[in-house]
Amino acid sequence: MKLLFLACLSPQTGNHTTAERIRSYIESAGHTCELRDAAEFQSPAEVANLVSQNPPFEAALAIHLFKAARLLLDIQVPFGVVFGGTDINEDVKVKQKRVVMEQVLLKARFAVAFTDKLKEDAEMSLLSQGSKIYVQPQGIQTYVTDKFSWTEFLRSSGVSTEHADELRVFLLVCGLRRVKDPLYLVKVFSEWHCENPLNVLIIIGPKIDPVFTVELEAVVQSRGLPGPGEEPTGASRCHEKVLRHGQQLHLRGHVSSDLGGHGPRGTCAGQGHSRKFSCGAA
């Protein structure tokens, strides 16, 4: 089967990683899957023309009902959709977007939610199409590698490695944008670290929202938090650490994943894309 797969493919994002993982799974099952960035298309008519080209696509799939799947409304082949968190947490609040999402869900052959909660929220927020929505949890498998040094990772993150074995490190993987609200965790962990210096938070993700990134970095600076590799000064009484301007951790080789635990082994999360350590408070 030749399948068209639409998704938002901004570099270094979870959406891109998920799309690559699903594409890999589909192709491992013997199908042809063409992954395209939804941003390439301006209207459903453009996608309909692409699908009908010779040889034509026989089916389609999209991640995000509004951002991508709305472009499938004019195609004449069956398609499925995968809910994104933004669909249910943000886009349903906008009436115009919700109407489009309901049209997509009505026409789709099936819909996939990664969690039971996402399915329940979708059924409550959109026209009842519960029988179409299937829950398929995402599965991530990790493997030990000799190429990754935990101590060096901590050191490059600006975290003291003197008591590395005793540290309690929390990793928050998210793009820097307001809806993720990493500022809340920065403030809370900063206070928690004052009580116990062994508690460390590192935030990993790309700078998606430039305005919010500036705001986040301003908060970091106002708290006297040093950048990567710097030692705390007197202004940082709690010896807090932060990755202020960004470091990179290449995921290839020490994190791999598959779709729902049933895909091919060895597909790296991030598919070779690096993720930036944009902010971290300890």
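None of the values given here were measured: they were computed from a predicted structure.

This brings us to the overall build of the protein. Each helix and strand counted, the protein has eight helices and 13 strands in total. The buried share of the protein, taken over its 282 residues, is 48%. Sequence separation of 24 or more characterises 67% of the internal contacts of the protein that already satisfy a separation of 6 or more. When the accessible area of the protein is evaluated, it comes to approximately 14200 Å², of which 51% is carbon and sulfur surface.

With that settled, the discussion passes to the pattern of salt bridges. For the coordinates displayed, the defined rule picks out 11 salt bridges. One salt bridge connects Arg-36 with Glu-40, and the closest N-O pair in it is separated by 2.8 Å. Given the relative accessible area of 41%, Glu-40 is considered partly exposed. Taking the shortest distance from any N to any O, the salt bridge between Lys-207 and Glu-217 comes out at 3.4 Å. Of the two residues, Lys-207 sits in the loop between strand E9 (199-204) and helix H8 (210-222) while Glu-217 sits in helix H8, which places them 10 residues apart along the sequence. By relative accessible area, Glu-217 is classed as buried at 17%.

Here the focus is the side chain of Lys-132. Within the secondary structure layout, Lys-132 lies in the loop between helix H5 (116-125) and strand E6 (133-135). For the buried Lys-132, no salt bridge exists, and the shortest N-O distance to an oppositely charged side chain is 12 Å, to Glu-123. A polar contact of 2.5 Å, which involves the side chain of Lys-132, links it to the backbone oxygen of Leu-106. At 2.8 Å, the side chain of Lys-132 and the backbone oxygen of Ala-108 are in polar contact. Apart from the residues lying within four places of it in its own chain, the contact partners of Lys-132 are Leu-105, Leu-106, Lys-107, Ala-108, Arg-109, Phe-110 and Ala-111.

Now for the packing of helix H7 (residues 182-195) against H8. In the contact formed by H7 and H8, the axes pass within 11 Å of each other and the chain directions differ by 5°. Judged on the interaxial angle alone, H8 and H7 are roughly parallel. Where H7 abuts H8, its residues Pro-182, Leu-183, Val-186 and Lys-187 lie against Phe-212, Glu-215, Leu-216 and Val-219. Per-class residue counts for the contact of H7 with H8 are six nonpolar, no polar and two charged.

Taken in spatial order, the six strands make up an open sheet running E2-E1-E3-E4-E5-E6, and their pairing is parallel. Looking at which strands have only one partner, the edges of the open sheet turn out to be strand E2 (32-37) and E6. Between one strand axis and the next, the sheet turns through 20° on average, direction left out of account. Where strand E1 (residues 2-7) lies against E2, six bridges are found, and the strand directions are parallel. Following the sheet pairing, Phe-5 is matched in E2 by Leu-35.

Summarising the model, the protein shows a mean pLDDT of 77, and 78% of its residues fall at 70 or more. Overall, residues 226-282 carries pLDDT values under 50, and its contacts beyond four positions in sequence, including any with other chains, amount to 176 contacts.

Two strands pair when backbone bridges link them, and strand E8 (residues 168-173) and E9 are joined in this way by six bridges, in the parallel orientation. Its bridge partner being in E9, Phe-170 is matched across the sheet by Leu-201. Remark: the E8/H7/E9 crossover connection has right-handed handedness.

So, on to the environment of Val-169. Structurally, Val-169 can be placed in strand E8. Taking C-alpha positions, Val-169 is 4.8 Å from Val-200, a pair spaced 31 residues apart along the chain. Residues contacting Val-169, with those up to four places away along its chain left out, are Trp-150, Leu-154, Val-200 and Ile-202.

Summarising the element assignment, Ile-203 is placed in strand E9. Look at Ile-203 and you get buried, because its relative accessible area is 0%. Residues Ile-203 and Val-173, spaced 30 residues apart in sequence, show a C-alpha to C-alpha distance of 5.9 Å.

We now examine the packing of aromatic side chains. Applying the stated criterion across every chain, the model contains five aromatic pairs. Each ring, one from Phe-170 and one from Trp-192, has its centre 5.6 Å from the other, and the planes form 50°; the classification is tilted. Residue Phe-170 is located in strand E8, and its partner Trp-192 is located in helix H7; the two are separated by 22 residues in the primary sequence. With relative accessibility at 33%, the residue Trp-192 sits in the partly exposed group. What links up through ring pairs into an aromatic cluster is the set Phe-148, Trp-150 and Phe-153. Its end group placed over the ring of Phe-57, Lys-2 keeps NZ or CZ at 4.3 Å from the ring centre.

What counts, and at which threshold
- Residues numbered from 1 in each chain as written.
- Predicted model: local features only at pLDDT ≥ 70, side-chain atom pairs only at ≥ 80, totals over all residues.
- Heavy atoms only, no water.
- Helix = DSSP H or I, 4+ residues; strand = E, 2+ residues; numbered from the N terminus.
- Buried < 20%, exposed > 50% of the residue type's maximum accessible area, 1.4 Å probe, protein only.
- Contact = heavy atoms within 4.5 Å.
- Areas by Shrake-Rupley, 256 points an atom, 1.4 Å probe, with all protein chains shown as cover.
- Salt bridge = Lys/Arg side-chain N within 4 Å of Asp/Glu carboxyl O.
- Lys, Arg positive; Asp, Glu negative; His and termini not counted.
- Polar contact = N/O pair within 3.5 Å; in protein donor to acceptor, adjacent residues only side chain to side chain.
- Axes fitted to C-alpha atoms, helices over the stretch in contact; angles between N-to-C directions.
- Parallel < 35°, antiparallel > 145°, perpendicular 65-115°, else oblique.
- Nonpolar A, V, L, I, M, F, W, Y, C, P; charged D, E, K, R; others polar.
- Pairing = 2+ DSSP bridges.
- pLDDT = per-residue confidence, 0-100.
- Right-handed = clockwise from strand over helix to strand, strands pointing away.
- Phe/Tyr/Trp six-rings, centres within 6.5 Å; stacked < 30°, edge-to-face > 60°.
- Lys NZ or Arg CZ within 6 Å of the ring centre and 35° of its normal.

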